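Summary of structural features
Chain by chain, the residues run as shown.
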Amino acid sequence: MPVIKVISSEQAAGHGSHVAAAVMGAMSARLSEPAKILPADRKRDRAEKTRPGNPNNLTLRQHVFPSKSIGRFTNERGLVSVHDLLRDKVRLAKPRDSIFCADRAWDERAEKSMKSIEDAFQMLVGPIIAGTATEVRQDQKSVVDEMYALWLMRAQYRELETQEVQLNGITGDDLTKEQEENLEKNSYVFTRKNGMMPARQLNGIQLQMRIDNSVRSLATTVTRWGVISTQDGEFIVPDIPQHGVIPITPRLALVQSAPDGMIVEQNVAEINQAMKATSLVYCFARNFSNCPF
């Protein structure tokens, strides 16, 4: 359960619990609904801007799949090959390309929490990639569970339907832009005048709670994470993980409930076909000519 710090002038009047209750009420309604992935061709709602220069250094371009992980698929020029499925076009892109990123879709509090999951995962896969480890131990399994859940949920909730959400029965505060950004930097959730709340704050809470729920499910449904290498051919990376596979290099992947080992080119082709079939906006690889389908 994420720790939520709510701040409002209503606290001074003894109504702080009303704000928290309104936030959790709105969140409960969202969590009762199934995942709602917005149409891939929908025009993106413009994200809220920060003050000029972003003095609080708030994270604006938020990676769905970690930038460090994308970087392991780059060619000698530091670029990956991206298949833009909406335009049916293959192009080269840097790991920081906007196609890989949400546009301020969750708040800084959630970003910090999710960064800790990414960091733990990178520490785990580092030795596997270097060849000094050959398996994911059982005591490390939860680290991979969390990364898979993080990737899955961020992929599903990378777009906001609107930039603000109305909370019922809340007066809210007339905050300056500087005050709002200071609060967000310090991991506070706040309400605006007339009870409006930035949608990224609710989305951040929702993401964390859905990640927690997914991790609990993976703990019981996935027995282990197998370290799989390819004999021939390379993996693609989908925009939405739905097959229990986390490619970590072009020729290495972690696979749910699988033994450690090597797979032949036909197996790689089957995995790539499945991952591409469920991608919505893009998939990427080091070089698609090396990826069997």
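What comes next concerns the included structure. (Residues numbered from 1 in each chain as written. Predicted model: local features only at pLDDT ≥ 70, side-chain atom pairs only at ≥ 80, totals over all residues. Heavy atoms only, no water.)

1. Section: the overall build of the protein chain
Note the following rule: Only DSSP runs of H or I reaching four residues or more are called helices, and only runs of E reaching two or more are called strands; each is numbered from the N terminus. Relative accessibility decides the category of a residue: with a 1.4 Å probe and only protein chains considered, values under 20% of the type maximum give buried, values over 50% give exposed, and everything between is partly exposed. It only takes one pair of heavy atoms within 4.5 Å for two residues to be counted as in contact. The protein chains shown are the only cover counted for residues, whose accessible areas, like all others here, come from Shrake-Rupley with a 1.4 Å probe.
When its secondary structure is counted, the protein chain shows 8 helices and 14 strands. When burial is assessed residue by residue, the protein chain has 51% of its 293 residues classed as buried. Partitioning the contacts of the protein chain with sequence separation of at least 6, the portion at a separation of at least 24 is 79%. Carbon and sulfur atoms make up 50% of the accessible area of the protein chain, which amounts to about 13,600 Å² in all.

2. Observations regarding the pattern of salt bridges
Cut-off, in case you're wondering: For this document, the term salt bridge refers to a Lys or Arg side-chain nitrogen within 4 Å of an Asp or Glu carboxyl oxygen.
Tallied over the full model, the rule gives 17 salt bridges. Residue Arg-109 pairs with Asp-107 through a salt bridge whose shortest N-O separation is 3.5 Å. Grouping residues by exposure puts Arg-109 and Asp-107 together as buried. In this structure, the salt-bridge partner of Arg-137 is Asp-139, at a minimum N-O distance of 2.9 Å. The class of Arg-137 is partly exposed, set by a relative accessible area of 41%.

3. Notes on the side chain of Asp-239
Stated formally: Lys and Arg are tallied as positive, Asp and Glu as negative. Neither His nor the chain termini are counted. N or O atoms closer than or at 3.5 Å make up a polar contact, with two conditions inside protein: a donor-capable atom paired with an acceptor-capable one, and, for residues adjacent in sequence, both atoms drawn from side chains.
Note that Asp-239 resides in the loop between β10 (237-238) and β11 (245-249). Despite being buried, Asp-239 has no salt bridge partner; Arg-158 is the closest side chain of opposite charge, sitting 6.1 Å away. From its side chain, Asp-239 meets the backbone nitrogen of Leu-280 in a polar contact 3.1 Å long. Within the structure, Asp-239 has its side chain in polar contact with the backbone nitrogen of Val-281 (distance 2.6 Å). Beyond its immediate stretch of four places on either side in the chain, Asp-239 contacts Trp-151, Ala-155, Thr-278, Ser-279, Leu-280, Val-281 and Tyr-282.

4. With respect to the environment of Arg-46
Following the sequence through the fold, Arg-46 ends up in the loop between α2 (16-31) and β2 (61-63). The exposed category is assigned to Arg-46, whose relative accessible area is 67%. Sequence separation between Arg-46 and Asp-103 is 57 residues, and the spatial gap between their C-alpha atoms is 8.1 Å.

5. With respect to helix α4 (residues 108-130)
One full turn of an α-helix is made of 3.6 residues, so residues set three or four places apart face in the same direction. Definition in use: To estimate how far a helix should reach, multiply one less than its number of residues by 1.5 Å.
Between its first and last C-alpha atoms α4 spans 32 Å; for 23 residues at 1.5 Å apiece the expected length is 33 Å, and the two agree. Within the sequence span of α4, burial applies to Glu-108, Arg-109, Ala-110, Glu-111, Met-114, Ile-117, Glu-118, Phe-121, Gln-122, Leu-124, Val-125 and Ile-128. Looking one or two residues past α4, Gly-131 carries a phi angle of roughly 85°, positive in sign.

6. Observations concerning the sheet that holds strand β13 (residues 261-263)
Here is the rule: Strand pairing is assigned whenever DSSP identifies at least 2 bridges connecting the two strands. Think of each axis as a best-fit line through the C-alpha atoms, taken over the contacting stretch in the case of a helix, with angles from 0 to 180 degrees between the N-to-C directions.
The 4 strands lie next to each other as β11-β12-β9-β13, forming an open sheet whose pairing is mixed. Looking along the sheet, the strands with just one partner apiece sit at the ends: β11 and β13. Going across the sheet, the axis of each strand differs from the next one's by a mean of 35°, ignoring polarity. Here strand β9 (residues 225-230) runs beside β13; their pairing, made up of 3 bridges, is parallel. Looking at the pairing, Thr-230 lines up with Ile-263 of β13. On the sheet, α4 packs against β9, β11 and β12 (252-256) and is oriented at approximately 60° with respect to β11.

7. Regarding the packing of aromatic side chains
Definition in use: Here the aromatic set is Phe, Tyr and Trp, taking the six-membered ring for Trp, and pairing holds for ring centres within 6.5 Å; pairs whose planes are under 30 degrees apart are stacked, those over 60 apart are edge-to-face, and all others are tilted. Remark: a charge is flagged as sitting over a ring if the NZ atom of Lys or the CZ atom of Arg is within 6 Å of the ring centre and within 35 degrees of the ring normal.
Going through the model one piece at a time under the given rule, you end up with 6 aromatic pairs. Judged by centre distance (5.6 Å) and plane angle (85°), the rings of Phe-73 and Phe-284 are edge-to-face. Of this pair, Phe-73 sits in the loop between α3 (67-71) and β3 (80-84) while Phe-284 sits in strand β14 (residues 282-285), and the two are 211 residues apart along the sequence. Taking relative accessible area as the criterion, Phe-73 reaches 0% and is therefore assigned buried. A relative accessible area of 0% means that Phe-284 is categorised as buried. Seen from their ring centres, Phe-100 and Phe-284 are 5.3 Å apart, and the 70° between their planes marks the pair as edge-to-face. Separated by 184 residues along the polypeptide, Phe-100 in the loop between β4 (89-93) and β5 (101-103) and Phe-284 in strand β14 bring together distant segments of the chain. Both residues of the pair, Phe-100 and Phe-284, belong to the buried class. Taken together, the ring pairs in this structure connect Phe-65, Phe-73, Phe-100, Trp-151, Tyr-282 and Phe-284 into an aromatic cluster. The cationic tip of Lys-276 hangs over the ring face of Phe-293; the distance from NZ or CZ to the ring centre is 5.2 Å.

8. Observations concerning the pairing of β3
Burial within β3 is extensive, with 5 of its 5 residues counted as buried. Relative to β14, β3 is paired through 4 bridges, and the arrangement is antiparallel. Of the residues in β14, the one forming a bridge with Val-82 is Phe-284.

9. Thoughts on the packing of α4 against helix α5 (residues 141-156)
Where we set the bar: Roughly parallel here means an angle under 35 degrees, roughly antiparallel means over 145, roughly perpendicular means 65 to 115, and every remaining angle is called oblique. Here a crossing is taken to be left-handed if its near helix is turned anticlockwise relative to the far helix by less than a right angle, and right-handed if that turn runs clockwise. Amino acids are sorted into nonpolar (Ala, Val, Leu, Ile, Met, Phe, Trp, Tyr, Cys and Pro), charged (Asp, Glu, Lys and Arg) and polar (every other residue, Gly among them).
Between α4 and α5, whose axes approach to 9 Å, the crossing angle comes to 130°. Taken as axis vectors, α4 and α5 run oblique relative to one another. Between α4 and α5 lies a crossing of left-handed hand. Across the interface between the two elements, Met-114, Ile-117, Glu-118, Ala-120, Phe-121 and Leu-124 from α4 touch Val-143, Val-144, Glu-146, Met-147, Leu-150 and Arg-154 from α5. Residue composition of the contact of α4 with α5, grouped by class: 9 nonpolar, no polar and 3 charged.

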